[in-house]
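Chain residues, written in single-letter form:
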Amino acid sequence: RMEVKKSIQNFRQEIDLIDSQIIQLLMNRFLMVDEIKQIKRAEKLPIEDKLREEEIFNRISCVNFDNQKINKDIFENIYKVYRTILSEGKKRQSP
């Protein structure tokens, strides 16, 4: 029983490290979105770019990890997360 607890704790520590990296990467991504917002405003470009979104999802679906395609269930999870990230990016770009 104690070994199971220790194992779970080890995984949670790894997850905490990954979460810290995700937070840093998301912060950087949203700072770049803010820069894009300024360019789009100056050039009077639309906030939404469906072609760019399609490129992002196509790239995700082609990513290989350890020469293995992303598992379909995991891909669905990642797709949902990216939908949220893109949605929040568009909100940041709105006036």
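See above for the structure.
Predicted, not measured: the structure shown is a model, and the values here were computed from it. Note that residues are indexed from 1 along each chain, following the sequence as it is written. The predicted origin of the model limits local features to residues at a pLDDT of at least 70 and limits the giving and counting of side-chain atom pairs to 80 or more, whereas totals for whole chains, interfaces and linings rest on all residues. Side-chain metrics rest on all non-hydrogen atoms present in the structure, leaving aside hydrogens and water.

Caption draft 1: Region of interest: the packing of helix H1 (residues 2-43) against helix H3 (residues 72-93). In the contact formed by H1 and H3, the axes pass within 9 Å of each other and the chain directions differ by 45°. In terms of their interaxial angle, H1 and H3 are classed as oblique. The handedness of the crossing between H1 and H3 comes out as right-handed. Of the residues in H3, those touching H1 at Leu26, Arg29, Phe30, Val33, Asp34, Ile36, Lys37, Lys40 and Arg41 are Ile85, Leu86, Glu88, Gly89, Arg92 and Gln93. When grouped by side-chain class, the residues that make up the contact of H1 with H3 number six nonpolar, two polar and seven charged. Think of each axis as a best-fit line through the C-alpha atoms, taken over the contacting stretch in the case of a helix, with angles from 0 to 180 degrees between the N-to-C directions. What counts as a helix is a DSSP run of H or I of at least four residues, what counts as a strand is a run of E of at least two, and both are numbered from the N terminus. Orientation labels follow simple angle bins: below 35 degrees gives roughly parallel, above 145 gives roughly antiparallel, 65 to 115 gives roughly perpendicular, and whatever is left gives oblique. Two helices cross in a left-handed way if the nearer one is turned anticlockwise from the farther one by less than a right angle. They cross in a right-handed way if the turn is clockwise. The contact criterion used is simple: two residues touch if any of their non-hydrogen atoms lie within 4.5 Å. For this scheme, ten residues count as nonpolar: Ala, Val, Leu, Ile, Met, Phe, Trp, Tyr, Cys and Pro. Four count as charged, namely Asp, Glu, Lys and Arg, and the remainder, Gly too, count as polar.

Caption draft 2: Looking closely at the pattern of salt bridges. A pairing counts as a salt bridge when a side-chain nitrogen of Lys or Arg comes within 4 Å of a carboxyl oxygen of Asp or Glu. According to the stated counting rule, one finds seven salt bridges in the structure shown. Glu53 is the partner of Arg83 in a salt bridge, and the nearest nitrogen-oxygen pair spans 3.3 Å. Taken together, the residues Arg83 in helix H3 and Glu53 in helix H2 (residues 50-62) connect sequence positions 30 residues apart. Here the term buried applies to any residue with accessible area under 20% of the maximum for its type, exposed to any over 50%, and partly exposed to those in between, with areas from a 1.4 Å probe on protein chains only. Look at Glu53 and you get buried, because its relative accessible area is 8%.

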